[in-house]
Amino acid sequence: SQQGEEDPQALSIQEGENATMNCSYKTSINNLQWYRQNSGRGLVHLILIRSNEREKHSGRLRVTLDTSKKSSSLLITASRAADTASYFCATGEGAQKLVFGQGTRLTINP
Amino acid sequence: DVKVTQSSRYLVKRTGEKVFLECVQDMDHENMFWYRQDPGLGLRLIYFSYDVKMKEKGDIPEGYSVSREKKERFSLILESASTNQTSMYLCASSAFTSETQYFGPGTRLLVL
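No experiment lies behind these values; they were computed from the predicted model shown. (Residues numbered from 1 in each chain as written. Chains lettered and ligands numbered in written order. Predicted model: local features only at pLDDT ≥ 70, side-chain atom pairs only at ≥ 80, totals over all residues. Heavy atoms only, no water.)

Caption draft 1: Quick look at the overall build of chain B. Counting its secondary structure elements, chain B contains 0 helices and 11 strands. Against the compact-globule benchmark of 13 Å for 112 residues, chain B has a radius of gyration of 13 Å, which places it among compact chains. Intrachain contacts of chain B at a sequence separation of at least 6 include 55% that bridge at least 24 residues. Accessible surface for chain B amounts to roughly 5,400 Å². Of this, 51% is attributable to carbon and sulfur atoms. Charged side chains of chain B number 15 positive and 15 negative; the gap between the two group centres comes to 7 Å. (Helix = DSSP H or I, 4+ residues; strand = E, 2+ residues; numbered from the N terminus. Rg over C-alpha atoms; globule rule 2.2 N^0.38 Å. Contact = heavy atoms within 4.5 Å. Areas by Shrake-Rupley, 256 points an atom, 1.4 Å probe, with all protein chains shown as cover. Lys, Arg positive; Asp, Glu negative; His and termini not counted. Charge placed at Lys NZ, Arg CZ, Asp CG, Glu CD.)

Structural data, given as structure tokens:
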């Protein structure tokens, strides 16, 4: 069952600009996570935000969560070429299962 | 450092063959997962396991089975491979007390 839907599906920006990706979901959640996937590789965990949190920071990453709108956003500031990847949101509803969205493909142009 | 390894990066098999995909983690994690990833469909959960010899069906278990005889190893089995099982297969693990999953590099399987 697909829970998260990322928007946009693809995003292309210039190096140094900020990138914002959004995720919407349908049911109640315990937590929401963001993962990054470089081309042809496995996923790497970036950040987790719990349902009782509204905002979280990690380095150049800022995640917000609005449970009333069932949505989250991931902001990457001062983007670099190495940030080129696909980004996935994943929602945790209980236990340890996660449900992943379809991802946003981010391209950083030099 | 956390490590999840998968037995092959690329695999080519013929229709009808039995296929084994192996995943090993060295973090003493209780939970292990198998996903498949297809363009436009994201990651879909095939099976997961909370403990040795335990398994639970995910969203798309048809055509697959799994085996977990040891805590560190979780195998995905395609009993009779079909062309619609051509995909990227990702293994992941997590600790019982944590929601964060750690992924292997993936196996790209082509069934001819």
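Back to the text.
Caption draft 2: Representation of the sheet that holds strand β1 (residues 4–6) of chain B. Residue and element names in this part refer to chain B. Here 4 strands make up an open sheet; going across it, the order is β1-β3-β8-β7 and the pairing antiparallel. One side of each edge strand has no neighbouring strand; the edge strands of this open sheet are β1 and β7 (64–70). The sheet shows a mean angle of 20 degrees between the axes of neighbouring strands, taken without regard to direction. (Pairing = 2+ DSSP bridges. Axes fitted to C-alpha atoms, helices over the stretch in contact; angles between N-to-C directions.)

Caption draft 3: Quick peek at the pattern of salt bridges. All names here are of chain B. Across all of its chains, the model carries 12 salt bridges over all chains by this definition. Ionic pairing is found between Glu79 and Lys18, a salt bridge with its closest N-O pair at 3.6 Å. Residue Glu79 is located in the loop between β8 (73–78) and β9 (87–94), and its partner Lys18 is located in the loop between β2 (10–13) and β3 (19–25); the two are separated by 61 residues in the primary sequence. The exposure class assigned to Lys18 is partly exposed, which follows from its relative accessible area of 44%. A salt bridge links Lys53 to Glu69, with the nearest nitrogen and oxygen atoms 2.5 Å apart. A residue pair is termed long-range when its members are at least 10 positions apart, and Lys53 in the loop between β5 (42–49) and β6 (56–57) and Glu69 in strand β7 qualify at 16 residues. (Salt bridge = Lys/Arg side-chain N within 4 Å of Asp/Glu carboxyl O. Buried < 20%, exposed > 50% of the residue type's maximum accessible area, 1.4 Å probe, protein only.)

Caption draft 4: Structural detail: the side chain of Glu6 of chain A. Residues and elements named next belong to chain A. By the element assignment, Glu6 lies in strand β1 (residues 5–7). No salt bridge is formed by the buried Glu6; its nearest oppositely charged neighbour, Lys26, is found at 11 Å. Residues in contact with Glu6, not counting those within four places in the same chain, are Asn22, Cys23, Trp34, Tyr87, Phe88, Cys89, Gly101, Gln102, Gly103 and Thr104.

Caption draft 5: The arrangement of the environment of Ile76 of chain A in detail. Residues and elements named next belong to chain A. Of note, Ile76 is situated in strand β8 (residues 71–76). Relative accessible area serves as the criterion here: at 1%, Ile76 is assigned to the buried category. For the pair Ile76 and Gln14, spaced 62 residues apart in the sequence, the C-alpha separation amounts to 12 Å. In this view, Ile76 contacts Glu17, Asn18, Ala19, Met21, Arg60, Leu61, Asp83, Tyr87 and Leu106; residues no more than four positions away in its chain are not counted.

Caption draft 6: The arrangement of the interface of chain B and chain A in detail. Listed per partner, the contact involves 27 residues of chain B and 21 residues of chain A. For the pairing of chain B and chain A, the buried interface totals around 1,800 Å² over both sides, and the portion due to carbon and sulfur atoms is 48%. Its largest share of buried area at the contact with chain A, chain B owes to Leu43, Glu99 and Phe103 of chain B, together 29% of the area lost on that side. Linking Arg50 of chain A and Glu99 of chain B is a salt bridge whose minimum nitrogen-to-oxygen distance equals 2.8 Å. (Buried area = accessible area lost by both parts, 1.4 Å probe.)

Caption draft 7: View of the pairing of strand β6 (residues 55–58) of chain A. Bridge count for β6 of chain A against strand β7 (residues 61–66) of chain A is 4 bridges, and the pairing is antiparallel. The residue bridging Ser58 of chain A from the neighbouring strand is Leu61 of chain A, located in β7 of chain A.

Caption draft 8: Spotlight on the sheet that holds β8 of chain A. Residue and element names in this part refer to chain A. As summarised here, the arrangement of the 5 strands in space is β1-β3-β8-β7-β6, forming an open sheet in which the pairing is antiparallel. One side of each edge strand has no neighbouring strand; the edge strands of this open sheet are β1 and β6. For this sheet, the mean angle separating the axes of adjacent strands, direction not counted, is 20 degrees.

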